[in-house]
Each structure stands twice: as C-alpha cells, then as structure tokens.
Amino acid sequence: MTNDRTGGSAPDVRRASRPSSGRDRDLVRFLADSTPVLSGGCAILLQIADPVVAAGVRRHSDFARRPQQRLAHTLMYVYAVVIGSSTDAATATGFVNRAHARVAGADEVDRQLWVAATLYDSAIRAHEAFGTPVSPELAHRVLDAYAPLGVALRVPPERWPATPEEFAAYWDETLSGLRVTEDARGVVRDLLHPRFAPLWVRAAMPLVRIVTVGMLPDEVRTQYGFAWGPRERRRWRRTATSIRRIRALVPGAVLRLPGPLLLRAMRATAARHR
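Predicted, not measured: the structure shown is a model, and the values here were computed from it.

Concerning helix α2 (residues 40–48)
Link 1 in the chain: Of all nine residues in α2, nine are buried; the element is thus mostly enclosed.
Link 2 in the chain: For α2, every residue scored as buried is listed here: G40, G41, C42, A43, I44, L45, L46, Q47 and I48.

Here is the structure:
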C-alpha cells in the first residue's frame, strides 16, 4: 500500500502483529505493552554504534536541545508499523524515508536491518529485565511481528531472520563488528547529559542513564567507556528490581496507553503537513 501524501509505503509482509483471527492475545498484549519504552536509550546507543548511523544522527539530529525527539519518533514508527493501521504504517514510513533522504548511507539495507534488529532485541531485553520472561514461542512470534519494521524501509523480507536462532547468529556477528566512534560518543553526551532539554527530561536522566547503560551488551558498554564495576552493577540490579515491582502494580490499560497517544500525535502531525 502507498500513501501519496507521505511518500511512504507499508508492504503488508508477514504482518503477524495483527492476526486476522484475533486469537494470538499474548502477542497482541506484548506488542501494545509500553515496557520497551524503557529500552529506548539502549536501542539508540546500539544503533549509533554503527559508524554510518552515528554520523547521520550526529549531523542531522538536534540531540543537544531535544534529546527526547528521536526516542519519540522511533517509538511512533514502531507502534505505527507493528500495531497501527496500514495507513499509520505508510505515514510513519514516509516520515522516516524523508528524514533519511538527507543522510548519506541511511538507506543502505545493512543499516536499516540493524536499526530494526535493535528494536526487536531491545523489546525482548526490556520485558526480560522489567516484566515477564519471554517464552521461546512468543519470542518467535514477536520476531515475525517485527519483520515489517525493516521490510517497510526496503529491507528484503528474506534478510529478516526467520527464527530466534537465526536472529541470535545475525546479532552476534553484527555486534562483533560494531565500532563506537567520536560521532557516537558526541550523541551519547547530548542524549544522556542534555543541557537544554525541558526540566522534566533532565530530572529523569539519572534513572535513564542507569537503565540505558545497564541494558547494553557488555562489549558495546565497554566501547563507550561506561564505568561498570561492582557499584554500578548493584545500582543496576536495584533499579531493575524497583522498576519490575512498580510495573507489576500498573494496570494493563495504562501500560498500553503510550501507543495510542503516540499514534494520535503522529496522525496530527501528518494532518498538518497535508
């Protein structure tokens, strides 16, 4: 399906996120749950550990003044493609395609595949850290549901891993080839230590830093140069335990609220650009 007003496309490939039977309630609940929001910083740091992605973000994003913007836009894209309508998916894809048109290398298949892969990995990682452990069967269905994140951005369907085992092999191979550059470190400084962000964003940053650094794979954390001794590990474990306990008390309807709110904001933005 195409959307002439946004210039985007949203191929209806393996859209397991919206099974027509409506029977896969575990998958639907997982995809609508906002727990992966907590892993947004981790996903961004993994994405920019690719030097091409880091260079594009550093030159074309205003992290210093609006560090929350890329996270919000990334979440909009995920919710639009995974749980939104086909029109939502086309709108979000159009926004991303226009942003990437200005960035050299941003449309390369390997870049797009890696960005989509970080979103899947971070979602699973967030649920494992703060929610309910993900069964192998559910992880497989989620992997299928996340395929359109890459396919909508012209990643060939056959490049998306077909099983969690294939994903793990791709992930480990790609992870071993990442290289954190000064561009990436500059983005991290703006993201985790914002000077001009709204007060509420700056007030949340100590927690964001603990969660973001704690969720990173060891090899990437080391490349960024984050301290990770006994004190940092204890702080991470205490924080994860506290978040898990708080999350358990939050009604499911509240956990599912950010998705509809972000989709509503995206639709309003699209309407203003028509």
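From this point on, the discussion continues.
Description of the pattern of salt bridges
Link 1 in the chain: The tally for this structure, following the rule as stated, stands at 12 salt bridges.
Link 2 in the chain: Salt-bridge contacts for R125 lead to D121; the nearest nitrogen and oxygen are separated by 2.9 Å. Residue R125 and its partner D121 are both found in helix α6 (residues 109–130); the two are separated by four residues, about one turn of the helix.
Link 3 in the chain: Residue class for D121 comes out buried when judged on its relative accessible area of 12%.
Link 4 in the chain: A salt bridge links E232 to R231; its shortest N-O distance comes to 3.7 Å.
Link 5 in the chain: Classification of E232 as buried rests on a relative accessible area of 16%.
Link 6 in the chain: Overall, R231 belongs to the exposed group, its relative accessible area being 54%.
Link 7 in the chain: Put simply, D50, E108 and R111 are held in one network by salt bridges that share partners.

Let's talk about a positive patch on the surface
Link 1 in the chain: Positive charge collects at one region of the surface, where R233, R234, R235, R237 and R238 lie side by side.
Link 2 in the chain: Mapped onto the elements, R233 comes out in helix α12 (residues 230–249).
Link 3 in the chain: On the accessibility criterion, R233 (36% relative accessible area) is partly exposed.

Quick word on unusual backbone geometry
Link 1 in the chain: A positive phi is found at R154, a non-glycine position, where the angle reads about 75°.
Link 2 in the chain: With respect to the helices and strands, R154 occurs in the loop between α7 (136–151) and α8 (164–176).
Link 3 in the chain: In this structure R154 comes out as partly exposed when scored by relative accessible area, which is 46%.

Regarding the nonpolar core
Link 1 in the chain: Of all hydrophobic cores here, the largest spans 73 residues; its most connected members are I48, Y120, F130, V142, Y146, L149 and Y224.
Link 2 in the chain: Of the residues forming this core, the biggest block, 11 residues, is contributed by α6.
Link 3 in the chain: Sequence-distant contacts of I48, that is, excluding residues within four places in its chain, are made with V53, A54, V57, A184, V187, V188 and Y224.

Digging into the side chain of T239
Link 1 in the chain: Position of T239 relative to the elements: it lies in helix α12.
Link 2 in the chain: Classification of T239 as buried rests on a relative accessible area of 12%.
Link 3 in the chain: There is a polar contact of 2.8 Å between the side chain of T239 and the backbone oxygen of R235.

So, how was this worked out
Residues numbered from 1 in each chain as written. Predicted model: local features only at pLDDT ≥ 70, side-chain atom pairs only at ≥ 80, totals over all residues. Heavy atoms only, no water. Buried < 20%, exposed > 50% of the residue type's maximum accessible area, 1.4 Å probe, protein only. Helix = DSSP H or I, 4+ residues; strand = E, 2+ residues; numbered from the N terminus. Salt bridge = Lys/Arg side-chain N within 4 Å of Asp/Glu carboxyl O. Patch = residues over 30% accessible without salt bridge, like charges linked within 9 Å, V, L, I, M, F, W, Y side chains within 5 Å. Areas by Shrake-Rupley, 256 points an atom, 1.4 Å probe, with all protein chains shown as cover. Lys, Arg positive; Asp, Glu negative; His and termini not counted. Charge placed at Lys NZ, Arg CZ, Asp CG, Glu CD. Core = buried A, V, L, I, M, F, W, Y, C linked by side-chain atoms within 4.5 Å. Contact = heavy atoms within 4.5 Å. Polar contact = N/O pair within 3.5 Å; in protein donor to acceptor, adjacent residues only side chain to side chain.

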